[in-house]
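Residue-level structural notes
Take a look at the letters that make up each chain.
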Amino acid sequence: MMEVNEQIAIDHGLKKEEYKKICDLLKRVPNLTELGIFSAMWNEHCSYKSSRIHLKKLHTKGKKVIQGPGENAGVIDIEDGDAIVFKIESHNHPSFIEPYQGAATGVGGIMRDVFTMGARPIANLNSIHFGSTQNKKTKNLLRGVVHGIGGYGNCMGVPTIAGQTSFDRSYNGNILVNAMTLGLVKKDKIFYSKAAGLNKPVIYVGSKTGRDGIHGASMASASFDEKIEEKKPTVQVGDPFTEKLLLEACLELMSGDSIIAIQDMGAAGLTSSSIEMASKGNLGIEINLNKVPCRETKMTPYEIMLSESQERMLIVLESGKEEIAKKIFDKWNLDFAVIGKTTNTKNIELFFDNKQVANIPVNTLVENSPMYDRKWKKSKLPKKNRINKTIFKSLKIKDTLKKILSSPNVCSKEWIWQQYDHTVMGDTIQKPGGDSGVVRVHKTDKAIAATVDSSATYCWAHPLTGGKQVVCETWRNLISVGAKPIAVTNCLNFGSPEKEENMGEFVECVQGISEACKYLDYPVVSGNVSFYNETKDIGIKPTPTIGGVGLIKDYKKMITMDFKEIDNIVLVIGKTEGHIDQSLLSRIILNENNGPPPEVNLFNEKNNGLTLLNLIEKNFIKSAHDVSLGGIITALSKMCIKGNKGIQIKKPKFLINEIEYFFSEDQGRYLIEINPKDLKEVSKILEKNSVHYDEIGKIIDKEMIIDQKTKLTIDELKSYNTNWFKGYMV
Amino acid sequence: MKSSVITFPGSNCDRDMDVALTKFGFKNKMVWHNDQELPKSDLIVLPGGFSYGDYLRCGSMASKSKIMHSVINFAKSGGLVMGICNGFQILVESGLVPGVLLRNKYLQFICKNVHVKVDNKENTFFKNLDKKILEFHIAHNEGNYFCTNDQLKEIEDNNQIAIYYCDQNGNTDDQINPNGSIKNIAGIFNKEKNVLGMMPHPERMIDESLSGEDGSIFFKNLINNIK
């Protein structure tokens, strides 16, 4: 075997000091296999070495939290003995190199994280971000990613119920693919990754190990350069069929009492799964690598340990249960092998051809892994732009609305989500295109709402405000469908942590997320960090993605955004101040990219949201939609399009002009439809709770009429909203 | 009434079908693809999904699985067999219904509501149905029905076309065709009309909270026809 030296360590992505630390910890020079294991465990992706110190500040506790960050996924209580397991994860780097497989295995990986805990996946979501629509790579990347997500999720038979797609120049060299899965489990049947007991058999199940994905996690821990094409072999290849079998086999085994601990082989494959189980159980683990089922011949210990072949699981079984387990995996035609046992050495010991090929104390790989308090730079709140009011007067509402409705980040994404099976499992009661996706909890009256969101532009303008805003946006999405928000998962996508600006963006976004989560009692229960989203020194806009989950106790009370009935009246909940900076209006129409994002007032956010939930509970609300990108008029347009009904709008008498009123992106606002007979009662409740509201219009047939001057038919609105995307993808 | 739903490795609408059949009064049993014998049944359903990962060709490997010998015998002796989506593909591959299912014309998976026109009510599946146009749901990548001209003539002569894709008024023009199927065919019978293969999923339309309720109409009618 090749002799290890400092240069080889550096080629593995380790820093000089880190290599020295390894030698010090081992009190010797590691061999190549051991070095490979260290590099896999100590890279940014697996060790969180730059983020750990800050992630501790996240708000992670709450009454409904059964399991917070640190396990395969987070778990929340949804009453009656049921729990929801969920997590979001990035697969950015591989998806840029190979969009189909990158995205597919991202979806496969996150589903495995969820069913590893004993939960049957019931919904998938995704948040995907591409470069400018003018960029020549964008279309192919988009097509590949969408095919990949669909290819995997559809085959698994798990509905993809919601998502988010955005385009921004900053993703030209680094697209983002964040996949989220929710699973359903009984509270007393949750499985964890903590090994326990000595001499317990360690079982390998699933696909065979091949040479794909070697060093995938290290690849995802570095920036891209011109040699990116050479990294293709580090991308894993997915097989959703095998994963479907693995899901059914695991759930079948989990219905018994054979499993002590279970961990999927995700990033860093057999290495991280075995070490994680041993570390959590404070045990050692011994593995005979000759027993590992391999797809190819002559694989070396180094390759076996670092392969990221998909659809594999590691299980610590109760002694004597091997036969029961083997029978189940045979039934599903999956590999099953006893490859080792738990030990009391607290070391990971690997054997190959009867020789020991690695022997490393587990704590050196986990607790002693590097942790950095990197330098970071605080962002100042940008100065407000002074917009000349005469510009507003020159803008026509109709033309402006047309441009905004047909802009890539607002237009309908039907072209995407029609390629995802969103109705399989027979419980999807709110499909993609709404504020949140909603699935019923099978055979109960309950339903789970889920949403995923990010606001890179706001985060870029001011990370602290942006961090808060994303959390609030998901909170509003859940409230808008009538769900009580419970908890979130976060996927933190940033540039290189080794740059002070990027690190500052990270630190302050995390702070914003934490503040909002704490105030809203909406804890973070799982997540991941993706740094080094950078190509040739150009990083992405900071993009923390938040996946929010909420509960609807009686699914018949779910709310949708489509206008329901003519003559009903529409109210705007929350105050419109006319904040234009960083809005779509500012960026698309005024070509102004500077200025602060809209302010987030957590008190109003919570108060408005909970008051609306109260109104929903009392059956006053016929339809609801939160106000976000593009402001009130954009939100109203979508309600018209979905309901195939019009609205007669009258701008309330405010100091701000109509462009500011209709297009500003002030936070904490919703649009609600109520029956005129309920107006008195609804106003009373809003006033009693000090919630600001404006009466803005009345639902009519097939036309949007604004202050008697501007008229648009619903068909016009529809064509603005749907045509751009279809035209683009042809 | 007794029904059986076959689970192949990779089936993923088997549970949904079980829920639907049970809801409308069938005593349903789940049958594993590796079993030899079918339980006593009035209806056999091959559910949707990705049997064997859709590898080789959709439905091809499943059509050779052990239980299919019994399903084929059951069909040949006049038993009612219904294949939905991947089940339709399995029926085609096993030769129980004519034709093939190609990749969708626009090379994309499609998941959406569609309308279908019921053309032939002289069979157990659609007899007494009081609607001519149903709103169903499709979710597939290979639903582009194709056959030779000779086959098509035979199919038409024998009234084997079960349902056509159409708009809400029943027009079956090209524009409404979601996947490129010849003649807008969404479902087809064998000659004897005791075997039905169709791409749409009625089991996803059985509740007002779901995509629609025309699946309920279909299943209620079906069980009444079998009784």
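Another point: the overall build of chain A. Counting secondary structure elements, chain A contains 26 helices and 28 strands. Along the longest, intermediate and shortest principal axes, the C-alpha atoms of chain A span 85 × 50 × 45 Å.

This part is about the overall build of chain B. Along chain B, the regular secondary structure elements total five helices and 11 strands. What you see for chain B is a C-alpha radius of gyration of 16 Å, in line with the 17 Å of a compact globule of 227 residues. The principal-axis extents of the C-alpha atoms in chain B amount to approximately 45 × 35 × 35 Å. Per-residue burial for chain B yields a buried fraction of 53% across its 227 residues. Within chain B, contacts between residues at least 6 apart in sequence are counted, and of these 75% link residues at least 24 apart.

Below, the discussion takes up the sheet that holds strand β1 (residues 2-7) of chain B. Whenever strands of a sheet pair, they do so through backbone hydrogen bonds, lying parallel or antiparallel. Residue and element names in this part refer to chain B. If you trace the nine strands from one edge of the open sheet to the other, you get β2-β1-β3-β4-β11-β10-β9-β6-β7, paired in mixed fashion. Looking along the sheet, the strands with just one partner apiece sit at the ends: β2 (27-32) and β7 (133-140). For this sheet, the mean angle separating the axes of adjacent strands, direction not counted, is 25 degrees. Alignment of β1 against strand β3 (residues 43-46), held across three bridges, turns out to be parallel. When the bridges of β3 are listed, Val5 appears paired with Val45. Sitting on the sheet, helix α2 (residues 66-76) is in contact with β1, β2, β3, β4 (80-84) and β11 (195-198), with an inclination near 125 degrees to β4.

Residue and element names in this part refer to chain A. A rise of 1.5 Å per residue sets the reference length of helix α26 (residues 714-729), with its 16 residues, at 22 Å; its end C-alpha atoms lie 24 Å apart and thus fit the reference within 8%. Largest kink in α26: about 35 degrees, centred on Asn723. Among the residues of α26, Ile714, Leu717, Tyr720 and Asn721 are the ones counted as buried. Its buried side turned inward, α26 meets α16 (397-405), α23 (631-643), β24 (646-649), β27 (703-706) and β28 (710-713).

Where a protein is soluble and globular, its nonpolar side chains tend to be buried together. Residues and elements named next belong to chain A. With 286 residues, the main nonpolar core has Ile84, Val85, Ala447, Ile448, Val471, Leu671 and Ile672 as its most contacted residues. Of the residues forming this core, the biggest block, nine residues, is contributed by helix α20 (residues 500-520). Setting aside chain neighbours within four positions, we find Ile448 in contact with Ile78, Ile84, Leu182, Val438, Val439, Val441, Val549 and Leu551.

Turning our eyes to something else, we now look at the confidence of the model for chain B. On average, chain B scores 96 in pLDDT, and the residues at 70 or more come to 100%. Scoring the predicted complex yields pTM 0.96 and, for the interface, ipTM 0.97.

Looking now at unusual backbone geometry. Residue and element names in this part refer to chain A. Positioned with a positive phi, Ala268 is a non-glycine residue whose angle comes to about 65 degrees. In this fold, Ala268 is placed in the loop between β8 (259-264) and α11 (269-281). Even without being a glycine, Asn591 presents a positive backbone phi close to 50 degrees. Note on placement: Asn591 falls in the loop between α21 (584-589) and α22 (602-617).

The next thing to look at is the sheet that holds strand β7 (residues 201-206) of chain A. Residue and element names in this part refer to chain A. In space, the seven strands of this open sheet follow the order β8-β10-β7-β11-β9-β12-β13, with mixed pairing throughout. The strands lining the two open edges of the sheet, one partner per strand, are β8 and β13 (355-361). Here the strands of the sheet are splayed against their neighbours by 20 degrees on average, with no regard to which way each runs. Two strands pair when backbone bridges link them, and strand β9 (residues 284-288) and strand β12 (residues 347-352) are joined in this way by four bridges, in the parallel orientation.

Bringing the packing of helix α10 (residues 240-254) of chain A against helix α13 (residues 322-331) of chain A into the picture now. All names here are of chain A. In contact at an axis separation of 9 Å, α10 and α13 are set at 150 degrees when each is read in the N-to-C sense. The angle between the axes of α10 and α13 places the two elements in the roughly antiparallel class. For the crossing formed where α10 meets α13, the hand is right-handed. In contact with Ala249, Glu252 and Leu253 of α10, α13 contributes Ala325, Ile328 and Phe329. Residues of the contact of α10 with α13, tallied by class, amount to five nonpolar, no polar and one charged.

All names here are of chain A. When you tally the buried positions in strand β17 (residues 484-493), you get nine out of 10 residues, the bulk of the element. In this sheet, strand β21 (residues 543-552) lies alongside β17 in antiparallel orientation, the contact comprising nine bridges. Pairing of Pro485 across the sheet is with Gly550, part of β21. Both β17 and strand β18 (residues 524-530) contribute to a ladder of six bridges, which runs parallel. Along β18, the bridge assignment pairs Thr489 with Ser526. Each parallel crossover has a hand, and the one from β17 via α20 to β18 is right-handed.

Thresholds applied
Residues numbered from 1 in each chain as written. Chains lettered and ligands numbered in written order. Predicted model: local features only at pLDDT ≥ 70, side-chain atom pairs only at ≥ 80, totals over all residues. Helix = DSSP H or I, 4+ residues; strand = E, 2+ residues; numbered from the N terminus. Rg over C-alpha atoms; globule rule 2.2 N^0.38 Å. Buried ≥ 20, exposed ≤ 12 C-beta atoms within 10 Å, placed from the backbone. Contact = placed C-beta atoms within 7 Å. Pairing = 2+ DSSP bridges. Axes fitted to C-alpha atoms, helices over the stretch in contact; angles between N-to-C directions. Expected span 1.5 Å × (residues − 1). Bend = angle between axes of the 7 residues up to and from the residue. Core = buried A, V, L, I, M, F, W, Y, C linked by C-beta atoms within 7 Å. pLDDT = per-residue confidence, 0-100. Parallel < 35°, antiparallel > 145°, perpendicular 65-115°, else oblique. Left-handed = near helix turned anticlockwise from the far one by under 90°. Nonpolar A, V, L, I, M, F, W, Y, C, P; charged D, E, K, R; others polar. Right-handed = clockwise from strand over helix to strand, strands pointing away.

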